[in-house]
Amino acid sequence: DWMERQLLQQAKEAFVSGRARPLEFRLQQLHALQRMIMEKETEISTALKQDISRSQYDTPLLELISIENEIKLAIEKLAQWAAPRPVEKSLFTISDEVYIQPEPLGVVLIIGAWNYPWALTLIPLVGAIAAGNAAVVKPSELSKCSSLLLHALLPCYLDKDLYPVVTGGVSETQQLLRLRFDHIFYTGGSTAGKLVMEAAARHLTPVTLELGGKSPCYIDKDCDVRTACRRVTWGKFVNCGQTCIAPDYILCEPCIQGQVVEFIRETLLEFYGADPKCSPDYGRIINQEHFNRIMSLMEGYTPVVGGQSDSSQWYIAPTVLKDVPPHSRLMQEEIFGPLLPIVTVSDMEDAINFINEREKPLALYIFCSDQKAIKRMIEETTSGGVTVNDVMMHYTVSSLPFGGVGQSGMGHYHGKHTFDQLSHQRACLIRSLKMERVNLARYPPQDRRRARRVRMALRSPLIDTSKRTLIWAVVATILGIGLFITLLVILLIAAGLNCTCWYWRGFYN
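Cut-off values and rules
Residues numbered from 1 in each chain as written. Predicted model: local features only at pLDDT ≥ 70, side-chain atom pairs only at ≥ 80, totals over all residues. Heavy atoms only, no water. Helix = DSSP H or I, 4+ residues; strand = E, 2+ residues; numbered from the N terminus. Buried < 20%, exposed > 50% of the residue type's maximum accessible area, 1.4 Å probe, protein only. Axes fitted to C-alpha atoms, helices over the stretch in contact; angles between N-to-C directions. Parallel < 35°, antiparallel > 145°, perpendicular 65-115°, else oblique. Left-handed = near helix turned anticlockwise from the far one by under 90°. Contact = heavy atoms within 4.5 Å. Nonpolar A, V, L, I, M, F, W, Y, C, P; charged D, E, K, R; others polar. Pairing = 2+ DSSP bridges. Core = buried A, V, L, I, M, F, W, Y, C linked by side-chain atoms within 4.5 Å. Domains from an automatic or database assignment.

Caption draft 1: Region of the structure containing unusual backbone geometry. Along the chain, Pro-444 connects to Pro-445 via a cis peptide bond; the corresponding omega equals -5°. Secondary-structure assignment places Pro-445 in the loop between strand E16 (423–430) and helix H15 (448–459). The backbone phi angle of Cys-240 is positive, close to 60°, even though this residue is not glycine. According to the relative accessible area criterion, Cys-240 is buried, its value standing at 0%. Positive phi values are uncommon outside glycine, yet Trp-314 reaches one of about 55°. Looking at the element boundaries, Trp-314 is found in the loop between strand E9 (309–310) and strand E10 (315–316). Classification of Trp-314 by relative accessible area gives partly exposed; the value is 30%.

Caption draft 2: Focus on the packing of helix H12 (residues 348–356) against helix H13 (residues 371–380). With their axes 10 Å apart at the nearest point, H12 and H13 run at an angle of 20° to one another. One element, H12, and the other, H13, form an angle in the roughly parallel class. Between H12 and H13 lies a crossing whose hand is right-handed. Between H12 and H13, the residues in contact are Met-348, Glu-349, Ala-351, Ile-352, Ile-355 and Asn-356 and Ala-373, Arg-376, Met-377 and Glu-380, respectively. Classifying every residue of the contact of H12 with H13 by side-chain character gives six nonpolar, one polar and three charged.

Caption draft 3: Highlighting the sheet that holds strand E15 (residues 409–410). Read across the sheet, five strands follow the order E4-E3-E5-E6-E15 without closing on themselves; strand pairing throughout is mixed. Sheet topology places strand E4 (134–138) and E15 at the edges, where each strand pairs with a single neighbour. Across four bridges, strand E5 (residues 183–187) lies against strand E6 (residues 207–210) in parallel orientation. Looking at E6, one finds that Ile-184 is bridged to Val-207.

Caption draft 4: Representation of the nonpolar core. Counting 139 residues, the largest nonpolar core has Met-36, Trp-118, Leu-125, Ile-219 and Val-260 as the members making the most contacts within it. Residue contributions to this core reach at least three from each of two domains, namely domain 1 (1–210 + 414–425) and domain 2 (216–407). Judged by nonpolar contacts, the second largest core, of seven residues, contains Leu-91, Ile-94, Ala-457 and Ile-463.

Caption draft 5: Representation of the sheet that holds E16 in the model. If you trace the three strands from one edge of the open sheet to the other, you get E1-E2-E16, paired in antiparallel fashion. The sheet terminates laterally at strand E1 (85–86) and E16, the two strands that pair on one side only. The sheet contact formed by E1 and strand E2 (residues 97–104) spans two bridges and is antiparallel. For Arg-85, the partnering residue across the bridge sits in E2 and is Ile-100.

And the structure:
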């Protein structure tokens, strides 16, 4: 692991030098990353076509635009995100500076995933750069062409020492995990996620784990079932089903199961034609191992839609399976492929119980027209995220935190959430050595009078000193302090002093 240690040491030395801290440097690196995405779109799309047979038109929509949006947002908001954030004060600190200062963590390890190898690697990197960190980037070896291209491109645009790329497989990842980082950001499966967390625990390194799970999709019988199935079909079979927030299975009542099957059949014909294998818009499974795993999940079932396969191309047709037993193997593990089981439930309450009996999913999808029913389902279940009457679209909103809960992951990111996740929120209190009489009540020797004053101060509510003078004056009057004190408060603030500070200091003295 000599190479990994050397790269980490270079990244640490570059970080300690302080050159990643200035906002000007961070912005320069973000602009450079933005140029890379724009200038190398064709090469990136070609690599993904080779990796998973993805359409050249899908790559911008599924990955590159989201990366560009994250970069634009970070560039626009960086000064605001990195600025000290004033907080409410106590009576003891009323005249002090009290604020939160976001600061870089140090060197972050980013372990990407193969299904969206650019977005799931570079979006965390955008946050790492914006927060002023160094980052060692480890793309997935399964998306080989994308991994090699990222390794070639990134040093041409970003600081080579601060943001090195490590290629390789399981061995190289294990060697990286033996080293001490300041944060580990991992996207992938839950089995490997446990290993990442175990390795991080040896160094007490904090982790962000973006995992997956079986994301349920409930279709209510009284909604527009045709439109619901159209949206579900897109979300399930885009990228050949290899999406962590794809609808994993459908829950519906038996009376609409036949409709659901037919509407999905019609939509597949519209999307991919009579033979999806010939469609330029339909992808392939990443490798033979995953192909075999997905095929084994179908054993014992007769598909009502699709089911065809070709191992020479790692092709599996969009497939629908109906009346799937809740305790079947198909319902025990994340499918991560183009198989869509339908499980029947008696009503919404049964669907809620079904969801709650299982691990907390990364996403929950609800198709329903009744606002009360929608609210009930959101309130009585839990998931990393939820989208109503569509699928996966919550991922595209940078103001929403994206992440799992329980077995589907920990921590969240996107937009400012990535910046905060990869920053230390440092608590800062700056006091003066003057006005020492304010502190006398806390010092020994203690007596009843001093103890009472301390208790009063400690039990007092936090004070938001950002309020305007008029508000403080009105509050003072309401509290019965009197017109004279109110006028005095206004005069003191007008003179550049803090009204509450002087009033309470007078009280304590």
